[in-house]
Amino acid sequence: SGNVYVVYCEQTTNYIVLKKLSFSVGIWTVGDAIYVYNGGVNVAPSIARTWGGKLLVSFSRLSAGYFDIQVKSSSDSGQTWGTGPGDVGDSLRTGLPAGTSKVVAGPSKVHVVYCGTGTDLFVQSQSIAGGSWSGEFVIASGSGIDEHFDAAVSGEGLLGVVFDAQQLKYREYDGSNWSSL
């Protein structure tokens, strides 16, 4: 679309902010800051764009001393998020001692991969069309599983997850089955 979307935590407030950078006729233009979520302390935002143009942001929100994994979406290039910036969005997991997530979009599903227990890596998925999130699936368990992971979706819809559990490991999901470690 000629646009780059950047999501970050605002330094002074820890609110989740989006900026849209547009490229036209050899010139980059930086748009205004738009609040995705403007409440409390938030960390580790991640952004994905579906093939249809819907934007999704996952982030960790500090709540009562623990982290909750949140997801919000926008269907208008990031101008509005849910019912507004005060809307926390969908809560995928609550009460984690720490929290890091990565949202990725494929041809038919959106996936949020996250950690926060120090021993497990999880995923929840949703149809591109929306609806309910799947139940939580444990991708891997073991000591030392933390924020050192990444995920991507192939054009065929395969979800690949690479992570550091005291050695580099990889799993792939084909829509029905997970590969072995």
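Refer to the preceding data block for the structure.
All values reported here derive from a predicted model rather than from experimental measurement.

J.: How should the pattern of salt bridges be read in this particular structure?
T.: When charged atoms on two side chains of opposite charge get close, those side chains can pair. In this structure the tally under the stated criterion is three salt bridges. Between Glu136 and Arg93 there is a salt bridge; the shortest N-O distance is 3.0 Å. One end of the pair, Glu136, is in the loop between strand S11 (120–127) and strand S12 (137–141); the other, Arg93, is in strand S8 (residues 90–96), with 43 residues separating them in the sequence. Note on Arg93: relative accessible area 24%, which makes it partly exposed. Across the salt bridge formed by Asp150 and Lys102, the nearest N and O atoms sit 3.3 Å from each other. Within this pair, whereas Asp150 is found in strand S13 (residues 149–153), its partner Lys102 is found in strand S9 (residues 100–105), the two being separated by 48 residues in sequence.

J.: I would appreciate a short explanation of the pairing of S13 in the present structure.
T.: Residues in a regular strand point their side chains to alternate faces of the sheet. Where S13 and strand S14 (residues 159–164) come together, five bridges link them in antiparallel fashion. By the bridge assignment for S14, Val153 is matched with Leu159. Here S13 folds back onto S14, and the loop between the two strands holds five residues, one of which, Gly157, carries a positive phi near 95°.

Quick notes on the rules
- Residues numbered from 1 in each chain as written.
- Predicted model: local features only at pLDDT ≥ 70, side-chain atom pairs only at ≥ 80, totals over all residues.
- Heavy atoms only, no water.
- Salt bridge = Lys/Arg side-chain N within 4 Å of Asp/Glu carboxyl O.
- Helix = DSSP H or I, 4+ residues; strand = E, 2+ residues; numbered from the N terminus.
- Buried < 20%, exposed > 50% of the residue type's maximum accessible area, 1.4 Å probe, protein only.
- Pairing = 2+ DSSP bridges.

Everything listed here is a matter of geometry and, on its own, says nothing about what the molecule does.
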